[in-house]
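Report on the structure
So you can see what is in the structure, the chains are spelled out below.
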Amino acid sequence: METIKNADFINALLPLAIIIFIIAIGVVLLNQHFQKNLSLQKLEQKVLKSNYQNELLRSSIHVQEEERKRIAHDIHDELGAVLSIIRMHLLMLEQQSTGNAAHLLAGLQNVRQLSETVLASIRSISHQLMPPQLETFGLIKTLESVIEPINQPGNIYIRLTSLPGMPDLPWLTSLDLYRIIMELINNTIKHARASEVHIDITYTEPYIVCTYTDNGIGLPENAINKGLGHKSIEGRVSVLEGTLEWGNQKEAGGFYAIIQIPVGL
Amino acid sequence: MAMNFSKIIIISSHLPILLTALYAAFSYKTLGHHLKVFSWFIFLSGVTQLMSLLFWFKSKNNMPILHFYTAAGFICLAWFYGTVLNNFINAKIIWSMAILFLLFTTINTLFIQNVFTFNSNALAVESIQIVILALFTFIFFLNNIVKESSKLDIKSLNWINSGLFIYYASVLLIVYFGATITQSFSKTLNRYTWMFHSFFSVVMYTCFFISLWKRSKTLTS
């Protein structure tokens, strides 16, 4: 039987232990490097996913607004025009029928008044769908024109302040800001029991900052992010790659929201 | 008798290599990127084994071929692991390993173990590096993110990795105890050791063949 002659076990086993140690260290180091790269990849995936979702939201809002614009134009231009012609004919008929049967005249006046009501409704619906001034006169003028009739009854007073020299915003940015502010005003009127609202719009390059405050009862606890309106505001701010801070004012009471939107002019 | 039997085993151990190399050559066009890269290692093995067999038959020293094969084989394997672990392991790490090994094996051949002797040092270092890469690749293939995000044909590549791990782990032990074997054992037992080496080589090339055979036809592995 063959035997290992003069085998020195320490000399034989020590290098083997070192080799195994080197292998183990090598695997551990590679694994650590891999785990580090893996977390970076996870982060990249998250960013990509978030960008994709934002892009999806942006295109969905864009499509929605384009569709609203089309419907508003169709209502205003086609239905409105036809109804205006009807109204004109009714006026002419009224004039021609003077002296004839009084009940015919009364009927015509009634139909004309109805057509005027429909015309006013169509104008109001089409303006709500897409404010016509926004593209022509910009965000501030549009807001002023919307605020004026709200202030008239005297239940609530909305004060809009902005510094001169506001840049011309891209149409979609103006529209999104308009929708956000309208949603906030709507919420204040519906739920806040406020008597005063202050909207301040400023431009600090490259951001447009909108500060919204009211003197109402504020938001109930855990109410933020619960409603569809809130989600819609968040979605629009996210699409504009802006930031949104909102809640209840600690000292003065009431609700506040600060929206900061970068403007790529 | 034992001599003849072991001789037959050693010679027949070359068959799976040549068979795998032929299969890789025939199916090369249909292979995915990673398997194409790996095929170059199989081709290199096929050619060098054929040459060393010819040298052996003509009773010429075939050690220079082994010196060349050790260096070139590791470059091929580094290229293969580099492409498999791409995006998750910095390619510079693997190529640094390859360049350092190339330097080491050159120095070893020129100054330590000359080209006509068995290059146990280079083989041991190569085996250590391949065992590290193979063990890590097993961990790599188990990761769910790798499974989901990469388009690797893991089933097929696992066979290759297993073959490499089995062979190089055994080579490491044979090379490590090589000095003791050649000095302390009889020629018969020495031949048996190389029979074991041939057996592990057959296992490795069988794994490669299975890998090519079982490759995904849809994934660009």
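Reading the values: the criteria
Residues numbered from 1 in each chain as written. Chains lettered and ligands numbered in written order. Predicted model: local features only at pLDDT ≥ 70, side-chain atom pairs only at ≥ 80, totals over all residues. Heavy atoms only, no water. Helix = DSSP H or I, 4+ residues; strand = E, 2+ residues; numbered from the N terminus. Contact = heavy atoms within 4.5 Å. Pairing = 2+ DSSP bridges. Phe/Tyr/Trp six-rings, centres within 6.5 Å; stacked < 30°, edge-to-face > 60°. Lys NZ or Arg CZ within 6 Å of the ring centre and 35° of its normal. Salt bridge = Lys/Arg side-chain N within 4 Å of Asp/Glu carboxyl O. Buried < 20%, exposed > 50% of the residue type's maximum accessible area, 1.4 Å probe, protein only. Axes fitted to C-alpha atoms, helices over the stretch in contact; angles between N-to-C directions.

Turning our attention to the environment of B:Val115. Residue and element names in this part refer to chain B. Its location among the elements puts Val115 in the loop between helix 5 (91–112) and helix 6 (120–142). Taking C-alpha positions, Val115 is 9.5 Å from Asn62, a pair spaced 53 residues apart along the chain. Discounting residues that sit within four places of it in the chain, Val115 has contacts with Met63, Pro64, His67 and Thr109.

On to the pairing of strand 5 (residues 255–262) of chain A, then. Here is the key point about a regular strand: its side chains alternate between the two faces of the sheet. Residues and elements named next belong to chain A. In this structure, strand 3 (residues 207–214) lies alongside strand 5, joined through seven bridges in antiparallel fashion. Following the sheet pairing, Thr213 is matched in strand 5 by Tyr256. Note that strand 4 (residues 243–248) and strand 5 share six bridges and pair antiparallel. By the bridge assignment for strand 5, Trp246 is matched with Ala257. With antiparallel pairing between neighbouring strands as the criterion, strand 4 and strand 5 make up a hairpin whose turn holds six residues, including Gly253 at a positive phi of roughly 80°.

Here we come to the packing of aromatic side chains. Under the criterion given, the structure shown has 25 aromatic pairs over all chains. With centroids separated by 6.2 Å and ring planes inclined at 65°, the aromatic side chains of A:Tyr212 and A:Phe255 adopt a geometry described as edge-to-face. In this pair, A:Tyr212 is assigned in strand 3 and A:Phe255 in strand 5, connecting sequence segments 43 residues apart. Among the aromatic residues, those joined into a cluster by ring pairs are B:Phe38, B:Phe41, B:Tyr69, B:Phe80, B:Tyr81, B:Tyr205 and B:Phe208. Stacked on the ring of B:Tyr28, the Lys or Arg B:Lys36 has its end atom at 5.6 Å from the ring centre.

It is worth spelling out the pattern of salt bridges at this point. Residues and elements named next belong to chain A. This model, assessed by the stated rule, comprises nine salt bridges over all chains. Taking the shortest distance from any N to any O, the salt bridge between Glu65 and Arg68 comes out at 3.9 Å. A residue pair is termed a helical-turn pair when its members lie 3 or 4 positions apart in one helix, as Glu65 and Arg68 do in helix 1 (residues 9–96) at three residues. Looking at Glu65, the relative accessible area reads 0%, which means it is buried. The residue Glu116 makes a salt bridge to Arg87 at a minimum N-O spacing of 2.9 Å.

Time to look at the sheet that holds strand 1 (residues 157–162) of chain A. All names here are of chain A. On the basis of which strands lie adjacent, the open sheet formed by five strands has the order 1-2-3-5-4 and mixed pairing. Across the chains shown, the open sheet's two edge strands, defined by having one partner strand only, are strand 1 and strand 4. Recorded for the sheet is a direction-independent mean angle of 10° between the axes of neighbouring strands. Pairing of strand 1 with strand 2 (residues 196–204) involves six bridges; the strand directions are parallel. Opposite Thr161, over in strand 2, you have Asp200 as the bridge partner. Most of the contacts of helix 4 (residues 139–151) go to strand 1, to which it runs at about 165°, and overall it touches strand 1 and strand 2. In the packing of helix 5 (residues 171–192) onto the sheet, the strands contacted are strand 1, strand 2, strand 3 and strand 5, and the crossing angle to strand 3 comes to about 10°.

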